[in-house]
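Working through the structure, step by step
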Amino acid sequence: MKLAFSTLGVPGLPMADVLRLATAHGYHGVELRAHPEEPVHTGLTPAERADVAAEFKAAGIEILSVAGYLKVAAPGEDEAVIAEIRALLTLARDLGAPYIRVFPGGSPDQTPEEADATAARRLGTAAEHATDAGVRILLETHDSHRTGADAMRILGLVGHRQVGALWDVMHTWLGGEQPVESHAALSPHLGYVQVKDIASAEDTTPLPLGEGILPLADCVEILSRHGWDGWLCWEYEKRWYEKAAPLPDLLTPGRAHLSRLLNDSA
């Protein structure tokens, strides 16, 4: 498996500094948070996109994903959501990233069936754009669809190879799902896995990997046992928890912890 970290852990950091961190601490790739407050977002010009892609290529670091924030199950008109997906797909294509991330984002005003159908309809339409771009859309286990079983209700309706799953191990655990259950649901559609650690279900402040209660060892063991050789991406949510320890000092111990888990599961 290859290791990456998300720029959510280093909010606003220039790409040159992100690349220095990845290189210095032994990571293979970076998940780029696509937001107007970040250096990379859908408003970049073609020249700016080319510069970012060239920086990563020169550093020998891969762009794992462009992590967007649109909610595919949210109430409203389809056109705006599909247009935003297309913008993310184009950005990922231009940067050379294989994936984009989207959220479910269903509303309490919808029935689960309505939310599932809304998300599946939009993702099914966007799948053709994803095929043209050569980029895969990944639905993250999050918010209204936080478990693997929840996400599968949508993905089963879509049934397209360009639409898959992003397994956030915190959300499936918070949803009461065991890693073996999450893997069974998501494995046919799995793009990559986001790892993290927290103190408890009540305190989700990010912790260094291995210092919390999330079943990371179980997740890695299951993935290894099934011969999965994709990406583990550390999503350290510093942007939402300003008092959390700075990520740069944690990157080497975090990589070492994941490497131990991988060795133990081999």
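A short tour of the structure in this document, coming up. Each chain carries its own residue numbering, running from 1 in the direction its sequence is written. Whole-chain, interface and lining totals are the exception, using all residues; otherwise, since this is a predicted model, local features are given only for residues with pLDDT of at least 70 and side-chain atom pairs are given and counted only at 80 or more. No hydrogens and no water enter the side-chain calculation; it runs on all heavy atoms of the structure.

Re the sheet that holds strand S1 (residues 2-6)
Strand pairing in a sheet relies on backbone hydrogen bonds. The paired strands run either parallel or antiparallel. Pairing between strands requires that DSSP locate at least two bridges from one strand to the other. Here a strand is any run of E in DSSP of at least two residues, a helix any run of H or I of at least four, and the numbering for each starts at the N terminus. Taking strand neighbours around the barrel as the criterion, the eight strands line up as S1-S2-S3-S4-S5-S6-S7-S8 in a closed arrangement whose pairing is parallel. Taking the axes of each pair of neighbouring strands and ignoring which way they run, one obtains an average angle of 30° across the sheet. The pairing of strand S6 (residues 163-168) with strand S7 (residues 190-195) spans four bridges and is classified as parallel. Residue Trp167 lies in a different strand from S7, and its bridge partner there is Val193. In the packing of helix H7 (residues 179-186) onto the sheet, contacts are made with S6 and S7, and the angle to S6 comes to roughly 170°. Only C-alpha atoms enter the line fits that serve as axes; for helices the fit covers just the stretch in contact. Angles between N-to-C directions range over 0 to 180 degrees. We call two residues in contact whenever any of their non-hydrogen atoms come within 4.5 Å of each other.

Things to note about the packing of helix H8 (residues 216-225) against helix H9 (residues 251-265)
Following both chains from N to C, one finds H8 and H9 inclined at 50°, their axes separated by 9 Å at the closest point. Classified by the angle between their axes, H8 and H9 sit oblique to one another. As H8 runs across H9, the sense of the crossing is right-handed. Where H8 abuts H9, its residues Leu216, Ala217, Val220, Glu221 and Ser224 lie against Leu261, Leu262 and Ser265. Three categories are distinguished: nonpolar for Ala, Val, Leu, Ile, Met, Phe, Trp, Tyr, Cys and Pro, charged for Asp, Glu, Lys and Arg, and polar for the others, with Gly belonging to the last. A class-by-class count of the residues in the contact of H8 with H9 yields five nonpolar, two polar and one charged. Here the word oblique covers every angle except those under 35 degrees (roughly parallel), over 145 (roughly antiparallel) and from 65 to 115 (roughly perpendicular). Whether a crossing is left-handed or right-handed is set by the direction in which the near helix is turned from the far one by less than a right angle, anticlockwise for left-handed and clockwise for right-handed.

Structural notes on the side chain of Lys196
Mapped onto the secondary structure, Lys196 falls in the loop between S7 and H8. Relative accessibility decides the category of a residue: with a 1.4 Å probe and only protein chains considered, values under 20% of the type maximum give buried, values over 50% give exposed, and everything between is partly exposed. By relative accessible area, Lys196 is classed as buried at 3%. Throughout this description, a polar contact denotes any pair of N or O atoms lying within 3.5 Å of each other; where both atoms belong to protein, one of them has to be capable of donating a hydrogen while the other can accept it, and for residues adjacent in sequence the pair is counted only when both atoms sit in side chains. At 2.5 Å, the side chain of Lys196 and the side chain of Glu235 are in polar contact. Among the polar contacts listed, one links the side chain of Lys196 to the side chain of Glu237, at a separation of 3.3 Å. With residues up to four places along the chain from it excluded, the contact list for Lys196 reads Asp168, Val169, Met170, Leu209, Leu214, Leu216, Trp234, Glu235 and Glu237.

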